Amino acid sequence: MSTVAVIDYGMGNLHSVAKALEHVQPGVEVWVTSDAQKIADADRVLLPGVGAIRDCMSEIYAQGVDKEVAQAIRSGRPFLGICVGYQALMQRSEENGGVECLGEFEGEVQFFGHDHTDAQGERLKVPHMGWNEVKQTIDHPLWKDIPDNSRFYFVHSYYVNAVRREQVAGMCTYGNTFDVAQSHNNVFAVQFHPEKSHTVGLQLLKNFLNWDGKP
Amino acid sequence: MALAKRIIPCLDVENGRVVKGVQFLDIRDAGDPVEVAKRYDEQGADEITFLDITATHEGRDTMVHTVEKMASQVFIPLTVGGGIRTCDDIRTMLNAGADKVSINSAAVFNPEFVREAAQRFGSQCIVVAIDAKKVSKADEEDRWEIFTHGGRKPTGLDAVEWAKKMVDYGAGEILLTSMDQDGVKNGYDLGVTRAISEAVHVPVIASGGVGNLDHLVDGVIEGKADAVLAASIFHFNEYSIPEAKAYMQARGIEVRL
């Protein structure tokens, strides 16, 4: 029986992602947990997250999740970061006056700004909330059976700016163009919410459950 | 290409059934909420809003179970509103599977609640619902006021100022219902929709009064809404979600197909 640890560090709605995993692969065992042993034992590890990065990072440290994440990533098991769970993998976020993050990926998380506009000068609302197109910039097992430029559901005010461009797996345009998926070895991370992105999102979660962790 | 304008079917739920009233009266039954939500999900709705209009404790418990059932079968964003008064109410709904909660009267009676909720759960899940009614006379400059109790009680609060304040307090989205229009199918109040959408940096959902697909188009183009919400035109099969999206797309609006 395949197992997934959804890391619970007290932030956000973990029910949705657990239900979505169970929906795409009936019989999969989903552990919503902060227990180090369970996270070490699971076949796959998922780091979710919503809300403000400072609160997320302080909970991650308070509960020792930083070590569990590092251990899971070094173990070579398939690892998926979602939304703030992706941002937390970067080196630093400018949210909340600047917050140091886990540094698994090189680069920063930046604010759209409240004067964000598109190419025509039309004002864009922040948070970037709703369904936007994701351009797949590399071939990857997690993109299997998902058409390029499919729309995924986003809700965020800060975006990732990755340094290692070869790791970028997907991009999105909302005024500026930014990184919304990144992959390195056994890690894949996304800014959008696959658990809320209907058929394409469910397909991505299914691909994660079938992934062996190799690029 | 750009962010799609969202189409959001709204389910008014009372004691475990979807109902739809005309200006909050004359309630008609529109089915089982989970079944209705699944149908909209299959049709390609971008989000679903549940408004609990139940007044009793039993009804509230039923609502939590309904949200739980729905969240395990529908994988698009779900907003739950109606009777959200405390952080415990919010936690209960988020744990049941809601992605956002909509705060209405409680924000008017205690604005600090919005700040507390946004700090605790994040602005991304705090929607402030505003019920606005035009109060200016024909020869005066347009002015809209906030009403509570299903549109019966005026508050003296200016709708545009109130929306700005709620965003300052941490609202991540505004659900704007124009009360004099609700259920009467004459379309959204485009004046207040535009005034608020231009005044705040967060997304605004237009609600109240949709009777045909042109109203949805007008809400986006004239009202500058980021999302359009409707109930009865979808519940009673006057139009399907794909019809609405095709119609909007044909008028140059970016939609998710």
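Residues numbered from 1 in each chain as written. Chains lettered and ligands numbered in written order. Predicted model: local features only at pLDDT ≥ 70, side-chain atom pairs only at ≥ 80, totals over all residues. Heavy atoms only, no water.

Novice: Can you tell me about the UniProt feature "active site" (unreviewed entry) in chain B, naming the residues and giving the values?
Specialist: Residues and elements named next belong to chain B. The sites that UniProt annotates as "active site" (unreviewed entry) are Asp12 and Asp131. Here Asp12 is in contact with Arg17, Val18, Val19, Lys20, Leu51 and Ile53, once residues within four sequence places are set aside. Within the secondary structure, Asp131 is located in strand E7 (residues 126-134). Dropping the residues within four chain positions of it, Asp131 is found in contact with Asn104, Glu145, Ile146, Phe147, Thr177 and Met179. A distance of 3.3 Å separates the side chain of Asp131 from the side chain of Asn104, its partner in a polar contact. (UniProt positions renumbered as here; feature names shortened; annotations may be inferred. Contact = heavy atoms within 4.5 Å. Helix = DSSP H or I, 4+ residues; strand = E, 2+ residues; numbered from the N terminus. Polar contact = N/O pair within 3.5 Å; in protein donor to acceptor, adjacent residues only side chain to side chain.)

Novice: Break down the UniProt feature "active site" (unreviewed entry) in chain A for me, with residues and values.
Specialist: Residues and elements named next belong to chain A. According to UniProt, the positions carrying the feature "active site" (unreviewed entry) are Cys83, His193 and Glu195. Spanning 113 residues, the named residues nonetheless gather at one spot, since no C-alpha pair among them exceeds 10.9 Å. When near neighbours in sequence (up to four residues on either side) are disregarded, Cys83 contacts Gly49, Val155, Val190, Gln191, Phe192 and His193. If you trace the backbone, His193 turns up in the loop between strand E13 (187-190) and helix H6 (198-210). Other than its neighbours up to four places away in sequence, His193 contacts Val50, Ile82, Cys83, Tyr153 and Val155.

Novice: Report on the pattern of salt bridges, specifying residues and quantitative values.
Specialist: Enumeration over the complete set of coordinates arrives at 26 salt bridges over all chains. Residue Arg164 of chain A is joined to Glu106 of chain A by a salt bridge in which the shortest nitrogen-to-oxygen separation is 3.5 Å. Of this pair, Arg164 of chain A sits in the loop between strand E10 (158-162) and strand E11 (168-174) while Glu106 of chain A sits in the loop between strand E6 (99-100) and strand E7 (107-111), and the two are 58 residues apart along the sequence. The partly exposed category is assigned to Arg164 of chain A, whose relative accessible area is 33%. With a shortest N-O distance of 2.9 Å, Glu173 of chain B and Lys100 of chain B are connected by a salt bridge. Of this pair, Glu173 of chain B sits in strand E10 (residues 173-178) while Lys100 of chain B sits in strand E6 (residues 100-103), placing them 73 residues apart in sequence. Exposure class is identical for Glu173 of chain B and Lys100 of chain B. Each is buried. Each of Arg6, Glu47, Lys100 and Glu173 of chain B takes part in a single network of salt bridges with overlapping partners. (Salt bridge = Lys/Arg side-chain N within 4 Å of Asp/Glu carboxyl O. Buried < 20%, exposed > 50% of the residue type's maximum accessible area, 1.4 Å probe, protein only.)

Novice: Which residues make up the interface of chain A and chain B, and what values go with them?
Specialist: Opposite the 31 residues of chain A that make contact, chain B presents 40 residues. When chain A packs against chain B, the two sides together hide about 2800 Å² of surface, and 54% of this comes from carbon and sulfur. Summed over the three residues of chain A that lose the most area to chain B, namely Lys125, Met129 and Trp131 of chain A, the buried surface amounts to 25% of that side. Across the chain A-chain B interface, the total number found is 4 salt bridges. Among the salt bridges present, the one from Asp99 of chain B reaches Lys196 of chain A, with a minimum N-O distance of 2.8 Å. Linking chain A to chain B there are 19 residue pairs in polar contact (both at pLDDT 80 or more). At the level of elements, helix H1 (14-24), strand E8 (128-136), strand E9 (150-156), E11 and H6 of chain A are the ones that each hand at least two residues to the side of chain A that touches chain B. It is E8 of chain A that contributes the most residues to the side of chain A that touches chain B, 6 residues altogether. Looking at the side of chain A that touches chain B residue by residue, the classes come out as 10 nonpolar, 12 polar and 9 charged. (Buried area = accessible area lost by both parts, 1.4 Å probe. Nonpolar A, V, L, I, M, F, W, Y, C, P; charged D, E, K, R; others polar.)

Novice: Go over the pairing of E8 of chain A, please, and point to the residues and values.
Specialist: Residues and elements named next belong to chain A. For E8, the buried fraction is high: 8 of the 9 residues fall into the buried class. Here E8 pairs with E9 via 7 bridges, running antiparallel. Paired with Val134 across the two strands is Ser150, which belongs to E9. (Pairing = 2+ DSSP bridges.)

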